[in-house]
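Report on the structure
Residue-level listing of the chains:
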Amino acid sequence: MVAVSVEKLRGVDEAIVQLFSLFAYLGGDGIRQSLLRRGSNADLSPELKSALSNPIRTGQLVRELRRYGLAKTVSRAASSPAPASADKSPRLQVHRLVQWVLRDSLGPEQREQTLRNVQNLLAAASPGDPDEIGELDLQSEMGPHLGPADMIHSRTPQGRQTVLDHARFLYLTGDYENSRILAERAATDWAAADPSEELLGPDGLATLLARAQIANATRTLGDSKTASAILLDVYQRFLASDKLGSDHEYTLITGNQRGADLRIEGRYREAFRFDQGSVQAHRRVFGPGEGYTLRAMSNLAVDHRLIGEFAAAVRLDEEIASHYADTGVLDVESVRMNFNVALDYYGLGHYGAALQRLEEWQPVQERLVDLRHPFGLLSDRVRAITLRKLGRLEEAAVVLREVRDRTSRRFIATHEFAVAANMSLANVLRQLGQFDEAAELIDEALKVYRTDFDADHPLTRAAEVNQAILVRTVGDVERATAIDESAYERLQEHLGADHPYAICAGSSLATDRALAGRAAEALALSERMLELSRTADAEGTVARNGADHPYVLMRAVNHAHDLRATGEEDRATRLFDDAVGRLTVLFGADHPEVLEAAAGRRIEGDIEPPPT
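Turning next to the environment of Thr 73. Mapped onto the fold, Thr 73 is located in strand S2 (residues 72–74). Judged by its relative accessible area of 39%, Thr 73 falls in the partly exposed class. The sequence separation of Thr 73 and Arg 32 amounts to 41 residues, and the corresponding C-alpha distance is 9.3 Å. Here Thr 73 is in contact with Arg 66, Pro 90 and Arg 91, once residues within four sequence places are set aside.

This part takes up the packing of aromatic side chains. For any pair of aromatic rings, the description consists of the separation of the ring centres together with the inter-plane angle of the planes. Inspection of every chain in the model, using the stated rule, returns eight aromatic pairs. With a centroid separation of 5.9 Å and 65° between ring planes, the pair formed by Tyr 235 and Phe 274 is classed as edge-to-face. Of the two residues, Tyr 235 is situated in helix H12 (residues 224–240) and Phe 274 in helix H14 (residues 268–285); the sequence distance between them amounts to 39 residues. For Tyr 235, a relative accessible area of 15% gives the class buried. Centroid distance Phe 339 to Phe 375: 5.3 Å. Interplanar angle 90°. Geometry classified as edge-to-face. With Phe 339 in helix H17 (residues 332–347) and Phe 375 in helix H19 (residues 374–389), this pair connects stretches of sequence that are 36 residues apart. Taken individually, Phe 339 and Phe 375 each receive the classification buried, so the pair is uniform in this respect. An aromatic cluster is present here, built from Tyr 346, Tyr 351 and Phe 587 joined pairwise through their rings. Above the ring of Phe 375, the side-chain terminus of Arg 336 is found at 5.0 Å from the ring centroid. The cationic tip of Arg 564 hangs over the ring face of Phe 576; the distance from NZ or CZ to the ring centre is 5.9 Å.

Extensive coverage of helix H8 (residues 136–146) is indicated by the burial of eight of its 11 residues. Residues of H8 that are buried: Leu 138, Gln 139, Ser 140, Glu 141, Met 142, Gly 143, His 145 and Leu 146. Looking at the packing, one finds that the buried side of H8 touches strand S1 (31–32), helix H3 (33–38), strand S3 (91–93), helix H7 (108–125) and helix H9 (157–172).

Okay, helix H5 (residues 55–67) next. Taking 1.5 Å of rise per residue, 13 residues should cover 18 Å, and H5 covers 18 Å from first to last C-alpha, within 8% of that figure. Those residues of H5 that fall on the buried side of the exposure criterion are Thr 58, Gly 59, Leu 61, Val 62 and Leu 65. Around the axis of H5, the buried residues are gathered within 165° of arc, so they sit on the same side. Exposed side chains of H5 directed beyond 90 degrees from the buried face belong to Ile 56, Arg 63 and Arg 67.

Now for the sheet that holds S2. One open sheet holds the three strands; their spatial order is S1-S3-S2, and the pairing between them is antiparallel. On the outer flanks of this sheet lie S1 and S2, each paired with one strand and no other. Where S1 and S3 come together, two bridges link them in antiparallel fashion. Counted as the bridge partner of Arg 32 is Arg 91 from S3.

Attention shifts here to the nonpolar core. One recurring pattern in soluble globular proteins is that nonpolar side chains are buried together. If you look at the biggest cluster of nonpolar residues, it comprises 90 residues, and the most contacted ones within it are Tyr 345, Val 428, Val 465, Leu 491, Val 557 and Leu 583. Ranked by residues supplied to this core, first place goes to helix H28 (residues 550–565) with eight residues. With residues near it in sequence (within four places) discarded, Leu 491 still touches Pro 458, Arg 461, Val 465, Gly 496, Tyr 501, Ala 502 and Ala 505. Listed in part, the 63 residues of the second largest apolar core include Leu 26, Val 62, Met 142 and Leu 164.

A few words on a negative patch on the surface. A contiguous patch of negative charge, built from Asp 436, Glu 440, Asp 443 and Glu 444, is present on the exposed surface. Inspection of the secondary structure assignment puts Glu 444 in helix H22 (residues 435–452). Note on Glu 444: relative accessible area 36%, which makes it partly exposed.

The next point concerns the pattern of salt bridges. Applying the stated criterion to the full structure yields 52 salt bridges. Where Glu 265 meets Arg 267, a salt bridge forms, and the shortest distance between an N and an O atom there is 2.7 Å. The exposure class of Glu 265 is partly exposed, given its relative accessible area of 31%. According to the relative accessible area criterion, Arg 267 is partly exposed, its value standing at 29%. Across the salt bridge formed by Glu 270 and Arg 267, the nearest N and O atoms sit 2.8 Å from each other. Since its relative accessible area comes to 34%, Glu 270 is described here as partly exposed. Overlapping salt bridges, with partners in common, bring together Arg 381, Arg 388, Lys 389, Arg 430, Asp 606 and Glu 608 in one network.

If you want to describe how two helices pack, look at the angle between their axes and the distance between the axes. Two elements in contact, H17 and helix H18 (residues 351–368), have axes whose closest approach is 8 Å; the angle formed by their N-to-C orientations is 160°. For the element pair H17 / H18, the angle class is roughly antiparallel. H17 and H18 meet at a crossing whose hand is left-handed. Residues Val 332, Ser 334, Val 335, Asn 338, Phe 339, Val 341, Ala 342, Tyr 345 and Tyr 346 of H17 form the contact with H18, whose own contacting residues are Tyr 351, Ala 353, Ala 354, Arg 357, Leu 358, Trp 361, Val 364, Gln 365 and Leu 368. Taken together, the residues that form the contact of H17 with H18 break down as 14 nonpolar, three polar and one charged.

Turning our eyes to something else, we now look at unusual backbone geometry. Of note, Asp 150 is a non-glycine position whose phi angle comes to about 50°, a positive value. Its place among the elements puts Asp 150 in the loop between H8 and H9. Exposure remark for Asp 150: the relative accessible area of 32% places this residue in the partly exposed category.

Let us now look at a nonpolar patch on the surface. The grouping of Leu 97, Trp 100 and Val 101 at the surface amounts to a nonpolar patch, some 320 Å² of accessible area in total. Residue placement: Leu 97 occurs in helix H6 (residues 96–105).

The subject of this paragraph is the packing of helix H21 (residues 416–431) against H22. Packing of H21 against H22 brings their axes to within 8 Å, and their N-to-C directions diverge by 150°. Taken as axis vectors, H21 and H22 run roughly antiparallel relative to one another. In this structure, H21 meets H22 at a crossing whose hand is left-handed. Residues Val 419, Ala 420, Asn 422, Met 423, Leu 425, Ala 426, Leu 429 and Arg 430 of H21 form the contact with H22, whose own contacting residues are Phe 435, Glu 437, Ala 438, Leu 441, Ile 442, Glu 444, Ala 445, Val 448 and Tyr 449.

Attention now moves to the environment of Gly 567. Within the secondary structure, Gly 567 sits in the loop between H28 and helix H29 (569–587). Counting along the chain gives 101 residues from Gly 567 to Asn 466, while the straight-line C-alpha distance between them is 30 Å.

Here we come to the confidence of the model for the protein chain. Taken over all residues, the pLDDT of the protein chain has a mean of 92, while the share at 70 or more is 95%. Every residue in residues 78–84 is under pLDDT 50, and counting partners more than four places away or in other chains gives 10 contacts.

Rules used in this analysis
- Residues numbered from 1 in each chain as written.
- Predicted model: local features only at pLDDT ≥ 70, side-chain atom pairs only at ≥ 80, totals over all residues.
- Heavy atoms only, no water.
- Helix = DSSP H or I, 4+ residues; strand = E, 2+ residues; numbered from the N terminus.
- Buried < 20%, exposed > 50% of the residue type's maximum accessible area, 1.4 Å probe, protein only.
- Contact = heavy atoms within 4.5 Å.
- Phe/Tyr/Trp six-rings, centres within 6.5 Å; stacked < 30°, edge-to-face > 60°.
- Lys NZ or Arg CZ within 6 Å of the ring centre and 35° of its normal.
- Expected span 1.5 Å × (residues − 1).
- Arc of directions from axis to C-beta.
- Pairing = 2+ DSSP bridges.
- Core = buried A, V, L, I, M, F, W, Y, C linked by side-chain atoms within 4.5 Å.
- Patch = residues over 30% accessible without salt bridge, like charges linked within 9 Å, V, L, I, M, F, W, Y side chains within 5 Å.
- Areas by Shrake-Rupley, 256 points an atom, 1.4 Å probe, with all protein chains shown as cover.
- Salt bridge = Lys/Arg side-chain N within 4 Å of Asp/Glu carboxyl O.
- Lys, Arg positive; Asp, Glu negative; His and termini not counted.
- Charge placed at Lys NZ, Arg CZ, Asp CG, Glu CD.
- Axes fitted to C-alpha atoms, helices over the stretch in contact; angles between N-to-C directions.
- Parallel < 35°, antiparallel > 145°, perpendicular 65-115°, else oblique.
- Left-handed = near helix turned anticlockwise from the far one by under 90°.
- Nonpolar A, V, L, I, M, F, W, Y, C, P; charged D, E, K, R; others polar.
- pLDDT = per-residue confidence, 0-100.

Given below as structure tokens:
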């Protein structure tokens, strides 16, 4: 029947036969007529190219296919990951059974020409780099056709780039599994191809870019060690290539992942130095204000946060956010950059400003990002820990339980995001007096950190500080002391004495000393931690418009207790009254930690695991 229909169509117009033949290598969900027109400038059979170049002519051919019952108009697939398209052109669909029969009916030469037509058309219709151009709805339309069209084996660089762009699109929309699958298939085939063919072979540009995408997806799915090994090999091949080298655009873009791997490994200073050089190179190659340059700057801001330089981070992130604001476009990157500003405010202790920024952008985020997307999970966790710092403990606990459950459903239980969600939940449960569950969550987190990283990784040691606070809260000062002594020593060695994590560990150890009756040691240590806190936060006061950092004030409260314990009553009273008064101004008299301070108790300074 199909063969008969084709012969009838050939008697009408060869172009309609070639149009119909395309469906032998297109997906079964239908293709937009506008997408066919976008591909009209490709290297196609002359009759088909002429027809697709004329919208009226294309419409006539489509109507003929429908008249013969060979095609129909269908609506958008409900499962599409991208927002609904503004493109209202008809989507044409040929029944899958008809597609199979059609493919079998084509002779060898027709099959080869038709496949080449489809591959070239899709390559020409591709919107391009989803990071730079966007058009995610069009990328979504392209996806179902890449497999049937065997785009991985396209003979043109443009065809292979279409595959790479779609793998990146899948990554950006949160489909990491399929992004990795597509990139792995491409990398395997391209690496085995003849290296003399453009961009192919084990060191070919297309192969290396596919492997870089494998690393990206693998990292996000939780296997950071495998991702780091793949990426490092790819990056070194870029650097060693005569055609690429250190300043090639793709080398710089790929290098962004190297900085991320260093951060995940806890090598914060190395990541900082790497990304400093990367930003300079991006500005030189891409120019200031370009999208890739802004992304490199954003990575450097992450480094600033991880080494405790929150004021420097917020300056960079505010600059980046203003660039996106100037474009007038509300997209995921705009939301992400403003989220980064909120993270900086959190690190600065400017919790009210952090929550305001998060809530301002939350409606846009919810419109653009699926609840299961890592960015949505991360943003909601940060909102919850900010609520906790503002004293809204019950509300924070509800959000964190929901985030923990969503994260566990999306990723494996040992994923970085799942472990961080558990740690954040443990911190708030401790404050709510739910000690047993908090202890269980911290034990689980430490088990993962020690297995996936090592005993001296900053996240491991930070989790130990939280553990020490909890075991001290339930009365085991001796065990808390042992934990804090080890964490404090190793954090100083690894990150420096003035790093926020080391100061938190030292402050916790000072409390251990005080509770053990070692008043002179507690005084010396709490005085040192207060001095380091004030020095480290010197620039933060400006960023907070003159307001105090809550952790500095809390350490002043604790130091006042140590002064009183060693007989310096007058100094202790002045310092205590000033610190509690300032905390009250910041948070209000009903804030849990203000109440703790007013009741004469020491205040704890726990650590939230940071995004890397």
